[in-house]
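Breakdown of the fold
Here are the chains, one letter per residue:
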Amino acid sequence: MTMMRTEYWNRSTNTVRGGPTGHGESLTDMESYLLPLDQTRDSSLHGWGVARGLAVSAAPGATSVQVSTGTAVDASGRVIALAEGGLAVVDPDVDPHQPQNVPTVPVGADGLAISTGTATGDRFLTVTWAEVIGENQLVLFHAPWLRLQPTAGFQDSGDQIVLALLTLDAGGADD
């Protein structure tokens, strides 16, 4: 991976380069330097998984589980933060490669309640790094994607972090 950034220093005059910066320079700085540098650091210094919080609690017979606020790091070094006042994606059917028109829910001080719906059997509750585009199309919001996934065929590759193994009865209630 090549990391590059904009040179703002005018080396011939030993001064900061004058004039306005453009969107292209910001793109170079963010997408080609700061984000890859951050991911490289995080994946090198921290193994992937839950770093803090993201505890899952459920009551027997309940049709939802509670996920506390917290932080995880995926295998690519992306930080996944379920933070109070932030957003999350809980729709299991969204396209993970399409950040537009994705419904989000607010995260409260106690985290987030995840409906188990009509899911049955053994399921992993996972969190995945995601961003969604805001209404004005100029802003990306970090919005972790929480979902229940069947355990059969699940590959624990580090792009989605397993928070809990749930056994759900015919009504989606936690056993």
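You'll find the structure just up there.
Notes on the structure follow. No experiment lies behind these values; they were computed from the predicted model shown.

Attention now moves to the overall build of the protein. Each helix and strand in the protein was counted, giving one helix and 15 strands. Of the contacts formed within the protein by residues at least 6 apart in sequence, a portion of 59% connects residues at least 24 apart. Put simply, the protein shows about 10,300 Å² of open surface, and 54% of that area lies on carbon and sulfur atoms.

Here the focus is the pairing of strand 10 (residues 112-115). Moving residue by residue along a regular strand, the side chains alternate between the two faces of the sheet. Side chains Leu112 and Ile114 of strand 10 all project onto a buried face; the interleaved residues Ala113 and Ser115 project onto a face where none is buried. Alignment of strand 5 (residues 64-67) against strand 10, held across four bridges, turns out to be antiparallel. Residue pairing for strand 10: serine 64 is matched across the bridge by serine 115.

So, about the environment of threonine 151. Among the secondary structure elements, threonine 151 is positioned in the loop between strand 14 (145-150) and strand 15 (160-168). In this structure threonine 151 comes out as partly exposed when scored by relative accessible area, which is 27%. Sequence-distant contacts of threonine 151, defined by excluding residues within four places in its chain, comprise Asp122, Arg123, Phe124 and Leu165.

Moving on: the side chain of threonine 128. Structurally, the position occupied by threonine 128 is in strand 11 (residues 121-128). Judged by relative accessible area, threonine 128 falls into the buried class, the value being 11%. In contact with threonine 128, not counting residues within four places along its chain, are Ile80, Pro144, Trp145, Arg147, Asp159 and Gln160.

Hydrogen bonds along the backbone pair up the strands of a sheet, which may run parallel or antiparallel. Reading across from one edge, 4-5-10 is the order of the three strands in this open sheet, with antiparallel pairing throughout. The sheet is open, and its two edges are formed by strand 4 (56-57) and strand 10, each paired on a single side.

Of all hydrophobic cores here, the largest spans 20 residues; its most connected members are Val67, Leu125 and Leu146. Counting residues per element, the ones that place at least two in this core are strand 5, strand 7 (79-82), strand 10, strand 11, strand 14 and strand 15. Ranked by residue count, the leading element in this core is strand 15, at five residues. Counting residues in each nonpolar core, the second largest holds seven residues, with Val94, Val102, Val132 and Trp145 among its members.

What counts, and at which threshold
- Residues numbered from 1 in each chain as written.
- Predicted model: local features only at pLDDT ≥ 70, side-chain atom pairs only at ≥ 80, totals over all residues.
- Heavy atoms only, no water.
- Helix = DSSP H or I, 4+ residues; strand = E, 2+ residues; numbered from the N terminus.
- Contact = heavy atoms within 4.5 Å.
- Areas by Shrake-Rupley, 256 points an atom, 1.4 Å probe, with all protein chains shown as cover.
- Buried < 20%, exposed > 50% of the residue type's maximum accessible area, 1.4 Å probe, protein only.
- Pairing = 2+ DSSP bridges.
- Core = buried A, V, L, I, M, F, W, Y, C linked by side-chain atoms within 4.5 Å.

Shape descriptors only; they carry no functional weight alone.
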